[in-house]
Amino acid sequence: MLSVLQIVRDNWLLLLIGQYPYGPLGGIAATLILSVFGILLAFPLSVALALARTSPLRWLRWPVTGLVYVTRGVPLLMIILWTYFLLPALLGHPVSGFTTMLCTLILYEGCYLSEVVRAGIEALPKGQTEAAKALGHGYFGRMRWIILPQALFNMLPSMLSQFISTIQDTTLGYVINVQELTFAANQINNQLLTQPFQVFFILAITYFVVCFTLTQFTHWLERLIAARRRGGALPASARAALEDDLPLPTGEELL
Amino acid sequence: MIVFSGVNKWYGPYHALDDINAEVKKGEVVVVCGPSGSGKSTLIRTVNRLEEIQSGSLTVDGTDIQAASNRGSALNRMRSRIGFVFQSFNLFPHLSVLDNIALSPIKVLGAKREDARTKALQLLTRVGLANKAQAYPAQLSGGQQQRVAIARALAMEPPAMLFDEPTSALDPEMVGEVLTVMRVLADEGMTMMCVTHEMGFARDVADRIWFMDAGRILETADPEAFFRAPQHPRAQRFLSDLRSH
Amino acid sequence: MQPFDLAAVFSNPDFVSMILTGIRFTFLVFAGSWLLGMALAAALLTIRLMPSAIAQHAVAAYVSYHRNVPTLVQLMLWYFGISNLLPDDLQAWLADHNGEAIFAIIALGLCQAAFFSEDLRSGLRAVAPGQAEAARALGHSYLGSMRWVILPQAVRNAIPALVNHSVSLFKNSSLAMAIGVAELTHAVREVESRSFRTFEVYAVGTLFYLVVSLLLMAAGAVLARRFRLAAAR
């Protein structure tokens with residue numbers, strides 16, 4: 001245990017911001033920047049893809065469905081390799097690992113997030129669309145003012161979950177030498193050589209703390225949204241009338 | 001056959017069953033009725049120990065269901081000897097209708113597979129659903145599902161049958177088919193205890209009515225007497241509420 | 001860019017054998033960790049069903065760890081970290097006998113068990129409450145009602161989630177490359193660096209993953225439809 005604290009004390013700066021200012025920004029800072037920008041930029045893409053997938057226009061729906069299936073069927077690592085190869089070829093100049101990772105995340109998380117948004121849209125009662133149409137709204141009008149606001153609000157916890165996944169996906173940047181937290185940990189390990197367990201233990205714990213905290217926040221958000229959707233509490237008389245013959249038992253479980 | 005003696009039950013501070021003393025005789029059909037929250041469902045669920053009682057004794061067919069030896073396999077054996085029909089049917093959705101009925105005789109009573117399936121088909125014919133043997137519960141209407149549930153309980157050859165609001169979850173046009181099955185059972189001499197709101201059924205089929213409120217049996221009478229002139233003021237109010245719509 | 005030329009890749013027997021080895025290792029890691037994950041998930045569920053609070057918290061902690069720590073980091077912790085804690089002769093034996101693949105299977109299997117056990121648990125919770133009562137009312141024992149009524153329904157409910165996570169596991173086999181397992185992604189990189197035919201080699205690898213993933217998803221859809229439980233009333 002002592003050696004763990006020693007390692008953290010000696011290397012906390014590297015773990016936090018990588019080799020900056022003697023190198024690019026790395027460590028936890030890079031991980032968080034990649035994740036936040038990745039998910040933020042993926043968001044508009046995901047809405048566009050979700051709209052395409054729920055669109056009545058076949059020429060829009062099929063290619064996008066194909067894209068989403070391909071992205072879901074291929075490992076992220078493979079997609080990273082593709083981007084690493086295609087991006088410089090298309091742009092005509094070399095691209096840093098960080099940029100490659102960011103673009104891959106935008107595409108990858110965009111596709112997964114679009115499934116979440118699509119689920120949110122499809123979960124709304126049909127009556128919402130019908131009422132919007134009856135009031136004379138066009139497609140974009142009712143999406144903008146009626147459908148999407150509800151769908152996105154309801155899916156906030158799932159979107160937050162996707163953000164947590166994104167944080168975990170940034171670790172794959174290690175394979176193309178992106179200087180995020182996992183890379184930093186490996187650097188430390190390659191220096192120390194004698195305490196690999198302690199180093200990777202620190203790495204695991206760090207991710208655990210970050211993701212666990214965010215997961216707890218997601219649960220709290222879920223409860224908040226569920227309560228808000230239920231509306232206020234029922235008056236006592238209505239509650240009593242709804243109660244059936246059996247009050248809630250406090251006795252033994254049946255099994 | 002079913003004897004309640006000083007039975008009491010509490011949910012925490014709430015006195016759900018208050019000093020119940022009553023008996024369902026062999027071959028008798030007893031209908032338990034009363035307002036919502038009166039404890040009638042709780043009462044019927046104590047008979048096969050889906051609910052536990054805190055004091056008093058409950059005897060079914062001579063066996064004290066509270067006896068200490070009534071744990072584990074003895075409890076299961078006791079339950080298998082009392083038929084129970086639920087308000088929400090609770091058929092097993094992953095099994096065909098025939099298997100729903102045949103499963104428990106095979107697994108609990110140790111019947112041979114062929115015998116159990118033959119008997120199941122006979123019971124299905126009795127409830128009028130022989131052609132649905134290979135169907136799955138989700139493909140049946142509510143009334144059909146409840147009839148299968150009755151057949152499933154009968155397959156265990158119990159000496160007594162308990163019905164917990166068997167028609168309350170059904171659409172009105174399906175209530176009749178289930179009540180018909182219950183009527184036939186009663187005519188054949190089955191000992192039955194029913195919690196129900198179907199007063200027509202109670203009037204025609206029951207041998208005795210138990211009226212409950214707030215965990216107590218306030219009045220027991222034969223149906224004619226009860227419906228013509230209930231004694232207890234609460235019963236009078238209950239019946240006039242029923243009639244007023 | 002050179003024109004698309006698959007023959008340049010496939011005419012070379014070394015490249016073909018590398019890719020085939022890669023496919024073999026991918027399936028080895030996938031199958032091994034899937035079986036380990038399923039077996040362990042069943043054990044975890046059994047422990048979860050015990051009335052003890054310690055059992056609940058232990059399983060919850062296990063699941064929480066494996067869901068919050070990235071899979072790649074779990075792999076690294078096992079292969080670089082835990083292997084270092086093992087006695088020297090065991091380390092030597094592992095180094096000679098595909099230790100990388102063994103650790104990959106262990107790490108991925110343990111991680112997958114967490115997800116599978118949660119899927120089974122959700123499936124269990126989705127079983128209508130009246131089912132247990134009905135089974136008990138008919139006289140089934142606890143084990144009997146589990147075996148014949150509750151668990152069959154729980155597994156059927158869990159099939160879509162289990163299939164989803166199985167596809168994820170298949171894709172995660174590519175992570176094993178980071179600890180030196182010669183699976184398909186590793187092979188693709190190797191062949192690409194030697195043949196310089198990036199597009200063709202990547203396409204082959206991508207196609208393989210895509211086809212198997214889609215097959216798994218299709219098989220899952222068939223299973224789910226076959227065993228789907230329409231909501232009982």
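See above for the structure.
Counting of residues starts from 1 at the beginning of each chain's written sequence and follows it residue by residue. The order in which chains are written sets their letters, starting at A; the order in which ligands are written sets their numbers, starting at 1. Local features in a predicted model are, by the rule used here, given only for residues with pLDDT of at least 70; side-chain atom pairs are given and counted only at 80 or more, and totals for whole chains, interfaces and linings are based on all residues. Each side-chain value is derived from all of the structure's non-hydrogen atoms; neither hydrogens nor water enter the calculation.

Caption draft 1: Representation of the overall build of chain C in the model. Helix and strand definitions follow DSSP, with helices as H or I runs of at least four residues and strands as E runs of at least two, each counted in order from the N terminus. Scanning chain C for helices and strands turns up 10 helices and zero strands. Ordered by position from the N terminus, the helices and strands of chain C form the series α-α-α-α-α-α-α-α-α-α. Its C-alpha atoms give chain C principal-axis dimensions of about 70 × 45 × 25 Å. For chain C, the residues scored as buried account for 49% of the 233 residues in total. Using a 1.4 Å probe on the protein chains alone, a residue whose accessible area is under 20% of its type maximum counts as buried, one over 50% counts as exposed, and one in between counts as partly exposed.

Caption draft 2: Here's a closer look at the sheet that holds strand E7 (residues 160-164) of chain B. Residue and element names in this part refer to chain B. Here we have six strands laid out as an open sheet, ordered E6-E7-E8-E3-E9-E10, and mixed in their pairing. With partners counted over all chains shown, the strands left at the sheet margins are strand E6 (82-85) and strand E10 (216-221), one partner each. Taking each pair of neighbouring strands and ignoring which way they run, the sheet shows an average axis angle of 20 degrees. Should DSSP find at least two bridges between two strands, the strands are regarded as paired. The pairing of strand E9 (residues 208-213) with E10 spans five bridges and is classified as antiparallel. Counterpart to Ile209 in the pairing with E10 is Ala221. It only takes one pair of heavy atoms within 4.5 Å for two residues to be counted as in contact. Where helices are involved, their axes are fitted lines through C-alpha atoms of the stretch in contact, as for all axes, and angles between N-to-C directions lie from 0 to 180°. With respect to the sheet, helix H9 (residues 233-243) is in contact with strand E3 (29-33), E9 and E10, its orientation differing from that of E9 by roughly 100 degrees.

Caption draft 3: Expanded view of the pairing of E6 of chain B. Residues and elements named next belong to chain B. Along E6, one buried face is formed by Ile82 and Phe84 and the opposite face, lined by Gly83 and Val85, is buried too. Pairing between E6 and E7: four bridges, direction parallel. Bridge pairing in E7 places Val85 opposite Phe163.

Caption draft 4: Representation of helix H3 (residues 58-73) of chain A in the model. Here H3 of chain A is 16 residues long and its end C-alpha atoms lie 22 Å apart, about the 22 Å a rise of 1.5 Å per residue gives. Of the positions making up H3 of chain A, those classed as buried are Val64, Thr65, Val68, Thr71, Arg72 and Gly73 of chain A. Here the buried face of H3 of chain A lies against helix H2 (27-53), helix H4 (76-91) and helix H5 (97-123) of chain A together with helix H8 (142-172) and helix H10 (198-227) of chain C. Take the number of residues in a helix, subtract one, and multiply by 1.5 Å to get its expected span.

Caption draft 5: Molecular detail of the sheet that holds strand E4 (residues 55-60) of chain B. All names here are of chain B. Spatially, the four strands line up as an open sheet ordered E2-E1-E4-E5, and their pairing is antiparallel. Each of the sheet's edge strands pairs with one partner strand only, and the pair in question is strand E2 (14-24) and strand E5 (63-64). Lying over the sheet, helix H1 (residues 40-47) contacts strand E1 (2-11), E2 and E4, oriented at roughly 120 degrees with respect to E1.

Caption draft 6: Inspection of the side chain of Thr71 of chain A at higher detail. With respect to the element layout, Thr71 of chain A can be found in helix H3. The contacts of Thr71 of chain A, once residues within four sequence positions are left out, are Ile79, Tyr108, Cys111 and Tyr112 of chain A.

Caption draft 7: Representation of unusual backbone geometry in the model. All names here are of chain B. For Phe89, which is not glycine, the phi dihedral falls at a positive 60 degrees. The topology assignment puts Phe89 in the loop between E6 and helix H3 (97-107). Residue classification places Phe89 among the buried positions, given a relative accessible area of 3%.

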